[in-house]
2 protein chains.
Amino acid sequence: MDGAIAQLGSNDGRSLVRRAMQAITDHIRNKSMRVGESLPGEAYFAVELGVSRAVMREAFGALAALKVIDVGNGRKPRVGAMDGSVIATSLEHAVDTAQITVPEIWDVRRTIELRTAALAASSRTEAEAARIVELAEAMAASRGDFAGMTRHDIAFHDAIARASHNALFVQIVSSFGPLMEVAVPSAWRTRTTEEERMVVIDQHRAIARAIADGDAAAATAAMDAHFDASIGNILQGMSQTRDRASA
Amino acid sequence: MDGAIAQLGSNDGRSLVRRAMQAITDHIRNKSMRVGESLPGEAYFAVELGVSRAVMREAFGALAALKVIDVGNGRKPRVGAMDGSVIATSLEHAVDTAQITVPEIWDVRRTIELRTAALAASSRTEAEAARIVELAEAMAASRGDFAGMTRHDIAFHDAIARASHNALFVQIVSSFGPLMEVAVPSAWRTRTTEEERMVVIDQHRAIARAIADGDAAAATAAMDAHFDASIGNILQGMSQTRDRASA
């Protein structure tokens, strides 16, 4: 836990909060705690460490923001479940403040999703394969409705990540969700004809079919073709948005 | 910023803190702020939102934990720089609490680093190529000294990520650092002969050479060979640790 905690700040208050955060994460690690298990409250750690309740409250708040713990409803804090939103928050902040660019994120997504497609083809259950095929068809059925297509599109990529049976890929792909909610409709708007939209829908169907067939190489190739086309559309969408803004 | 913030908790205090966090991130986005720029303090936002200083303090603490802002030394908070430690904290917590496994992380690392190696071969500057070669030689020179080798090994992979010229890959690779500090020495301990160690060092040299030569396919292949061998060593190291623990 050294990273985020060590750099919270350098004055005495910050250093106390940092120590308090470390004590809580040490407690979780040393007791081999699992998600959902209850932790002692602020009062316990305050006495244990000889710090004020205010310091402990701040430490619990920071760990809640990092999803290390889950607090709320006045109950005892619990060990938190990883859910991709921490990485998503980091990504959105980095994009908002021009620390990373949309094409950079797109390259990372392509890299990750070529692998989740291959793993899904090898590891998916029958139910997962059926769900992925179903989501590609749901996209086809809702074409013209950007909000519906975007929802199914994000769910499609999440379902493939889950079918990879690698929990870290699931978190990373889900962390792209909030950015996709902006980027995906913008890409769809560049596809103005029914024909252009069918091309993209058929790319999703090809990915789904390869995964259902258990063909990892075909799944990778189909995902690659999809990203090739989509990145082009998204960068075109961005430049159109810029053109409109400067017009 | 919906993700982490929306799920901080559900009682009234949490919901106020969440609103306060959102107001700060909206301020950063709407004013197109950049890293290092000063934000208004707690008092400003407290008045603006009609919430208590305590609520604002908690919101600033949570955003500092997420590296969205940088606080400390009693000065005004500033817009924070992304630095991989947020993802690292998430990863370490997920490993500590058995939400993700070490082999899962290794698959993600391999996926990411096959791409950073290829990008580095295409995009590295002369200085970056020289630094990568130098770090491979530093590993060779410090063989037998696990701490030194580990440090150079982590720096080697970080330097390749930087040479990819994709800031998000840099953050993701750096987020693996704390876990590598544990895994890498454990892998080195399984390589008991000089010959075995030279094989691994030569793998790093091959990666460095391919990047310096600007050969993306060779860089990818060399990185792949390195991960094939290292994942085997690391899983062997883990099982030895378990055997010792249960002996």
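Residues numbered from 1 in each chain as written. Chains lettered and ligands numbered in written order. Predicted model: local features only at pLDDT ≥ 70, side-chain atom pairs only at ≥ 80, totals over all residues. Heavy atoms only, no water.

**Details of the overall build of chain A**
Argument step 1. When its secondary structure is counted, chain A shows 12 helices and two strands.
Argument step 2. Seen in sequence order, chain A has helices and strands lined up from the N terminus as α-α-α-α-β-β-α-α-α-α-α-α-α-α.
Argument step 3. If you take every contact in chain A between residues at least 6 apart in sequence, the share linking residues at least 24 apart comes to 67%.
Argument step 4. Looking at chain A as shown, the accessible area adds up to about 10,000 Å², and 52% of this sits on carbon and sulfur atoms. (Helix = DSSP H or I, 4+ residues; strand = E, 2+ residues; numbered from the N terminus. Contact = heavy atoms within 4.5 Å. Areas by Shrake-Rupley, 256 points an atom, 1.4 Å probe, with all protein chains shown as cover.)

**Re the relation of the copies chain B and chain A**
Argument step 1. Screw-axis analysis of chain B against chain A gives a translation of 0.0 Å along the axis, an RMSD of 0.0 Å, and a rotation angle of 180°. In the structure described here, the two chain copies are related by an operation that fits a two-fold rotation axis. Every residue of chain B has its C-alpha some distance from the rotation axis, and the shortest such distance is that of B:Ala62, at 2.1 Å.
Argument step 2. Both copies share a contact surface, since 100% of the interface residues of chain B are interface residues in chain A too. (Least-squares fit on C-alpha atoms with pLDDT ≥ 70 in both.)

**Notes on the side chain of B:Arg191**
Residue and element names in this part refer to chain B.
Argument step 1. Structurally, Arg191 is set in the loop between α10 (177-190) and α11 (194-213).
Argument step 2. Salt bridges are absent for the buried Arg191, whose nearest opposite-charge side chain, Asp153, sits at 5.8 Å.
Argument step 3. In this structure Arg191 touches Glu196, Arg197, Val200, Ser230 and Asn233, once residues within four positions along its chain are discounted. (Buried < 20%, exposed > 50% of the residue type's maximum accessible area, 1.4 Å probe, protein only. Lys, Arg positive; Asp, Glu negative; His and termini not counted. Salt bridge = Lys/Arg side-chain N within 4 Å of Asp/Glu carboxyl O.)

**Details of unusual backbone geometry**
Argument step 1. One non-glycine residue, A:Lys67, lies in the positive phi region at around 65°.
Argument step 2. Along the chain, the position of A:Lys67 falls in the loop between α4 (53-65) and β1 (69-70).
Argument step 3. By relative accessible area, which is 8% here, A:Lys67 ends up buried.
Argument step 4. Unlike most non-glycine residues, B:Ala98 shows phi in positive territory, near 60°.
Argument step 5. Looking at the secondary structure, you find B:Ala98 in the loop between α5 (85-96) and α6 (102-123).

**Some remarks on α4(A)**
Residues and elements named next belong to chain A.
Argument step 1. The first and last C-alpha atoms of α4 sit 18 Å apart over 13 residues, in line with the 18 Å expected at 1.5 Å per residue.
Argument step 2. Among the 13 residues of α4, 10 are classified as buried, and the element is accordingly described as predominantly covered.
Argument step 3. When we look at burial in α4, the residues that qualify are Val55, Met56, Glu58, Ala59, Phe60, Gly61, Ala62, Leu63, Ala64 and Ala65. (Expected span 1.5 Å × (residues − 1).)

**Concerning the confidence of the model for chain A**
Residues and elements named next belong to chain A.
Argument step 1. The pLDDT averaged across chain A works out to 88; a share of 89% of its residues lies at or above 70.
Argument step 2. Between residues 1-10, whose pLDDT stays under 50, and residues either more than four places distant or in other chains, the model counts 33 contacts.
Argument step 3. The ipTM assigned to the predicted complex is 0.87, against a pTM of 0.88. (pLDDT = per-residue confidence, 0-100.)

**Focus on the environment of A:Asp215**
Residues and elements named next belong to chain A.
Argument step 1. Assignment of secondary structure puts Asp215 in the loop between α11 (194-212) and α12 (216-246).
Argument step 2. With residues near it in sequence (within four places) discarded, Asp215 still touches Ala121 and Ala210.
Argument step 3. One polar contact links the side chain of Asp215 to the main-chain amide nitrogen of Ala218, over a distance of 3.0 Å. (Polar contact = N/O pair within 3.5 Å; in protein donor to acceptor, adjacent residues only side chain to side chain.)

**Digging into the nonpolar core**
Argument step 1. Membership of the largest hydrophobic core comes to 48 residues, with the highest contact counts inside it found for A:Ile24, A:Ile69, B:Ile24 and B:Ile69.
Argument step 2. Sorting the residues of this core by element identifies α2 (12-30), α3 (42-49) and α4 of chain A together with α2 (12-30), α3 (42-49) and α4 (53-65) of chain B as the ones contributing at least two each.
Argument step 3. In contact with B:Ile24, other than residues within four places in its own chain, are B:Leu39, B:Phe45, B:Met56, B:Ala59, B:Phe60, B:Leu63 and B:Ile69.
Argument step 4. One finds A:Ile87, A:Phe176, B:Ile112 and B:Phe169 within the second-largest nonpolar core, a separate group that totals 32 residues. (Core = buried A, V, L, I, M, F, W, Y, C linked by side-chain atoms within 4.5 Å.)

**Some thoughts on the interface of chain B and chain A**
Argument step 1. Listed per partner, the contact involves 61 residues of chain B and 61 residues of chain A.
Argument step 2. With both sides pooled, the region where chain B packs onto chain A buries about 5,300 Å², and carbon together with sulfur makes up 61% of that total.
Argument step 3. Viewed at the interface, chain A and chain B are joined by four salt bridges.
Argument step 4. Residues B:Arg115 and A:Asp107 are paired through a salt bridge, measuring 2.8 Å at the closest nitrogen-oxygen approach.
Argument step 5. Remark: the boundary between chain B and chain A carries 18 residue pairs in polar contact (both at pLDDT 80 or more).
Argument step 6. Elements with a minimum of two residues in the side of chain B that touches chain A: α1 (2-6), α2, α4, α5, α6 and α9 (167-175) of chain B. (Buried area = accessible area lost by both parts, 1.4 Å probe.)

**Observations concerning the environment of B:Ala138**
All names here are of chain B.
Argument step 1. With respect to the helices and strands, Ala138 occurs in helix α7 (residues 126-141).
Argument step 2. Judged by its relative accessible area of 21%, Ala138 falls in the partly exposed class.
Argument step 3. Separated by 63 residues in sequence, Ala138 and Ile201 have C-alpha atoms that sit 9.8 Å apart.

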